[in-house]
Every structure is written in structure tokens, then in C-alpha cells.
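# Close look at the chain arrangement
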Amino acid sequence: MGVMKLSKTLFQNLFRKPDTKMYPVIQREYTERTKGHIGIDIENCLFCGMCARKCPCHAITVDRNSKTWSISRMQCIMCRCCVGYCPKHCLTMENTYTPPSTTKVVDTFTFVPPPAEEAPAETPAAE
Amino acid sequence: MGKRTVIPFGPQHPVLPEPVHLDLVLEDETVVEAIPSIGFIHRGLEKLVELREYPEMVFVAERICGICSFGHSWGYCHAVEGLMNIEVPERAEYLRTIWHELGRVHSHLLWLGLLADSFGFESLFMQCWRLRETVLDLFEKTTGGRVIFSVSRVGGVLYDMDADTLAEMVRTLRGMEPEIRRICQVFADDASVRNRLCGVGVLSKEDAYALGAVGPTARGSGVAIDMRMTCHGKYQELGFEPIVETAGDCWARTQVRVREIYQSIDLIEKAVERIPEGEIAVPVKGNLPENACFLARVEQPRGEAVYYVKSSKATKFLERFRVRTPTCANLPALVKMLGGCDLADVPVIVLSIDPCISCTER
């Protein structure tokens, strides 16, 4: 390597910014398709159990009686099978990661029915 | 004749990303014989076909190897599609070809870095891996994953790419090309690199053919074997020609891989120009056929990989899934190359076949 070429490379390396991101000052941007974690819109879930049956690693448990849907975050391999098979399209692949943990986390979502609506007030009789 | 000494090399060695063990029989500083042994990382993935339905097995096949993961999932899907006589849409085949070539760029850049590391050129290693990050970002943008993609499905692919994404991919790769050329110039011209690579681990054309070498190991010795010359993928339409070097040493194998990076970028650009509109997957339902088998061959970055699937009953479970990976085919050639080399050259020669032990042992 010639002296000129060497000096050029040396000065470039001395004065340019590092290639790594200055985390945590600069946060990484996730793409739309990034496989972060599985999210559920529990309000729309039928509790049919299709996602649990199609999950290749048995990470999802659905209980129709107690209206709970739970996922073992450590077992999930982000294959998006459940997202594809969900008949109500209430499962989504979110592009953010779940927080790191030291134990095997199981996230449970429970459907809470909305409070029963009060009977509509009687309409005033037309005069 | 000097006194013979046996030196163990691996399974834990700074130069080896994965565990392989070699017993090196030395006479003074010269290797007389190398006896390889593997089996440190066997996971029994092939046996899992008995427990996983055929559409789910794609995810297991993908996890055979972290570097050529797309190729493995493609190979498995190709084999099952052949078994079930499924015709994959044109667009899906083009998308698979694009992702597979992108995987080759990332695999070769990774390997160039590892090679530089094996002869102690740390900054070159860092530069190669810095370039690889751009390719991984492209993967994340188009598939959602950096290493494990989960986009292959039996019958097609999961995601499409719109025209803007495809154009941006080509633009990014073309933008990278001058930098790749600048880095790869060091592998071609630098005196210290040439001292460590030229004339080291020579494998003759006859030996490469007789020992069944595949991929860049065979092509570096002048054997023009490449599965992309056959009908898999869309390589025939893209006018693919294999890249061959004749010297047969570590430098020739490096040059084959360097030139393949440029070729892959060209192939991606041609595929983007010719990709037709249409479906990206066909629905696949039902059981596997009775008493059928299929053999698929895919050119991975490391060489030809063979996927054999067999079904005996009309269920959703295959009876047998067998993978012959490129490193497995290149091990006899490696043993031949090591005979007569210096002890100090062993790490470079071992890396020159791009060993992937996870693939080999599955």
C-alpha cells in the first residue's frame, strides 16, 4: 500500500463518524415488516384456537371458557403462521421487541366484556 | 523423516466459528495427514419430520443454518412442491431467486471477513462485516428478519415486494458495489494477503472432481459445477454462467467468491427488470401423496445442497427428510488440501472451504 493511499485511509478513519449507531442517543428504526412480537386485539378474538393449533412450536394457549389467550414469548419463533390463519385477523406482527427478561415470560390477555348497557331511556311520548 | 506428532485442532479454536475437530499428524512443521471428526453440534433436525406437519417443517429446515437459511427453506419447499406436483407462480420464483442471491452476497461478505480474520487482518474483517450490515438491513426491510426470514412457504412466498422496494434494493446494492470493489481490491492485490493465500492449499481439477468437491471450492479448481445452471429458480432466464478460476489455491477460491458477489448483484438487477406481475403463492391443502419421493438440488453460497423427501402414507407427515450439505461434500477435499501444508496455514485452508458445521450435522 503506497504512503499516499495509507495516509488517505488513515485521515478518513480519524475524522469520519463511526459506522455504529450512537445508541441509546440514536435509536434504531424498525421497518414495517420487522418481526418484533405477536400482538392481539382481544376484543375481536373468537377464541377458536386456530392459532394454537397451527403454531409449530406450541407457544399459544387459548381457553375458551375463561376467555384468555396466552403466548409464551420465549417459545414463539415469529413465523407468522398464527397471523395468517386467524379468521378474524385480530393477530398482528408488531415491529417492536418485547423487553428483555430473565425468566420465561408468558403474556396472558383476557377478554373483559364491556359493562352491560343500561336500558335506553324511554322516549318521551309524542305529544 | 522427522518424528511424527499429533496436534489436535478444534473443536474450540479462535478461527473456527463452529466446532469441527482435526487431528493433525505433523512432521516438524508440515502436516502429513489430517483426520477430521464431527458430531459436536448434531441436533436431529431431520428426525423432526415425524413430529411436524409438512408446512411447519419449513421453519425447521430454515434453521439448519443461520447463514444460508433462505436457501434451506427454498430447498425444502422445492422438494415438497415436486413431491406434490405443485406449480409455483412465476413471481414467487423470481422473488425466491432475488432473496437467494441477496443471501449469497451476505454469506460471501461474511466469509471474506472471517478469512481476513483467520490470517490476522482485523480491520479488513471489520470492513467486510460493515458492508454485510447493509444487506442484512435489506433483508429486514423485505422479509422482517435479519437472519431467519420465515418468508418461504410450500407453494410460494409470504411477502411480495413492490416496484419501489425492488428498485431501492438495486440502488442500494449498486451503491455498495464501489465500496465492495475497494475492499475486495485488498484481497486481490495486497502483498501480505497474497503471501497468505497464493499457492496455499492447492486442489487440482482432477482431485476436486474425484473427491466430489462442490461450490466455490470446486469452481476455484476449474470445475464448472453450479446448480444454478440447472432448472432451479429463474437462473436460466437470467442468463447465468458459472464463475471459474483455475489456480485451485486459497486465493482462487477467494476470487471466485469475490466475483460471485458482483454476479449476484447483476442477477438481482436482471431479476428485478424481468419480474412479472401476478400471484406470489398458490394455496396448498391436503395430504402428501402415497409412496412418493423427490430429490431437489439447490446451489447454496457454499455449494450444492441436496434435499430428499419421502412420503409413504397419505398423511401430513413426511417419512424421511434428508439433507446433504455442501460442507459435507467438501470435507474430503479439505483433507486432501491439508496434506503437505504448513501448520500455520491450516486455519486459512480450513476456512477456504467456508465450513458450516451446523449444516453438516443438522
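This write-up is about the structure you can find in this document.

So, on to the overall build of chain B. Scanning chain B from terminus to terminus reveals 12 helices and 8 strands. Scaling as 2.2 N^0.38, a compact globule of 362 residues should have a C-alpha radius of gyration of about 21 Å, and chain B matches this with 21 Å. Of all 362 residues assigned to chain B, the portion counted as buried reaches 59%. Intrachain contacts of chain B at a sequence separation of at least 6 include 70% that bridge at least 24 residues. When the accessible surface of chain B is summed, it comes to about 13800 Å², and 53% of that surface belongs to carbon and sulfur atoms. When the 40 positive and 50 negative side-chain charges of chain B are each reduced to one mean point, those points stand 3 Å apart.

Before going further, it helps to examine the pattern of salt bridges. Residue and element names in this part refer to chain B. For the structure shown, the criterion picks out 37 salt bridges over all chains. With a closest N to O distance of 3.7 Å, Arg320 and Glu46 form a salt bridge. Placement of the pair is Arg320 in strand 8 (residues 320–324) and Glu46 in the loop between strand 3 (30–37) and helix 1 (57–62), with a sequence separation of 274 residues. Between Arg259 and Glu245 there is a salt bridge; the shortest N-O distance is 2.8 Å. On the criterion of sequence distance, the pair formed by Arg259 in helix 9 (residues 250–274) and Glu245 in the loop between helix 8 (215–219) and helix 9 is long-range, its members being 14 residues apart. On the basis of relative accessibility, which here comes to 34%, the residue Arg259 falls in the partly exposed class. You can call Glu245 buried: its relative accessible area is 17%. One network of salt bridges, in which partners are shared, links Glu101, Arg104, Arg219, Asp226, Arg228, Glu260 and Glu299.

Here we take up the interface of chain B and chain A. Chain B puts 22 residues into the contact, and the matching count from chain A is 17 residues. Surface buried jointly by chain B and chain A totals about 1600 Å² across both partners, of which 41% is contributed by carbon and sulfur atoms. Our enumeration of links across chain B and chain A arrives at 2 salt bridges. Arg28 of chain A is the partner of Glu140 of chain B in a salt bridge, and the nearest nitrogen-oxygen pair spans 2.3 Å. Here chain B and chain A share 15 residue pairs in polar contact (both at pLDDT 80 or more) between them. Ranked by residues supplied to the side of chain B that touches chain A, first place goes to helix 4 (residues 122–143) of chain B with 7 residues.

Turning our attention to the sheet that holds strand 5 (residues 106–110) of chain A. Residue and element names in this part refer to chain A. Read from one edge to the other, the open sheet built from 3 strands follows the order 2-3-5, with strand pairing classed as antiparallel. Either end of the sheet is taken by a strand with one partner, and the two such strands are strand 2 (60–63) and strand 5. Across this sheet, the average inter-strand angle for adjacent strands is 15 degrees, counted without regard to direction. Judged from the 4 bridges that link them, strand 2 and strand 3 (residues 68–72) form a sheet pairing that is antiparallel. Bridge assignment links Ile60 to a residue of strand 3, and that residue is Ile71.

Moving on: the nonpolar core. Core analysis: the biggest nonpolar cluster contains 115 residues, and Tyr76, Val80, Ile98, Phe187 and Phe321 of chain B have the highest contact counts within it. When residues of this core are assigned to their parent elements, the largest contribution, 14 residues, is made by helix 3 (residues 90–118) of chain B. The residues contacting Phe321 of chain B, other than those within four sequence positions of it, are Glu46, Val49, Met57, Ala61, Ile64, Tyr76, Tyr307, Tyr308 and Val309 of chain B. In terms of nonpolar packing, the next biggest core, distinct from the first, is built from 20 residues, Ile38, Cys57, Met93 and Phe111 of chain A among them.

So, about the sheet that holds strand 7 (residues 303–311) of chain B. Residues and elements named next belong to chain B. Strand order in this open sheet of 3 strands is 6-7-8, and the pairing throughout is antiparallel. Only two strands of the sheet have a single partner each, and these edge strands are strand 6 (292–300) and strand 8. The average angle at which neighbouring strand axes cross in this sheet is 15 degrees, direction not considered. Bridge count between strand 6 and strand 7: 9 bridges; the pairing is antiparallel. Its bridge partner lying in strand 7, Cys293 is registered against Lys310. Across the sheet, helix 2 (residues 69–83) is in contact with strand 6, strand 7 and strand 8; its angle to strand 6 comes to roughly 150 degrees.

Rules used in this analysis
Residues numbered from 1 in each chain as written. Chains lettered and ligands numbered in written order. Predicted model: local features only at pLDDT ≥ 70, side-chain atom pairs only at ≥ 80, totals over all residues. Heavy atoms only, no water. Helix = DSSP H or I, 4+ residues; strand = E, 2+ residues; numbered from the N terminus. Rg over C-alpha atoms; globule rule 2.2 N^0.38 Å. Buried < 20%, exposed > 50% of the residue type's maximum accessible area, 1.4 Å probe, protein only. Contact = heavy atoms within 4.5 Å. Areas by Shrake-Rupley, 256 points an atom, 1.4 Å probe, with all protein chains shown as cover. Lys, Arg positive; Asp, Glu negative; His and termini not counted. Charge placed at Lys NZ, Arg CZ, Asp CG, Glu CD. Salt bridge = Lys/Arg side-chain N within 4 Å of Asp/Glu carboxyl O. Buried area = accessible area lost by both parts, 1.4 Å probe. Polar contact = N/O pair within 3.5 Å; in protein donor to acceptor, adjacent residues only side chain to side chain. Pairing = 2+ DSSP bridges. Axes fitted to C-alpha atoms, helices over the stretch in contact; angles between N-to-C directions. Core = buried A, V, L, I, M, F, W, Y, C linked by side-chain atoms within 4.5 Å.

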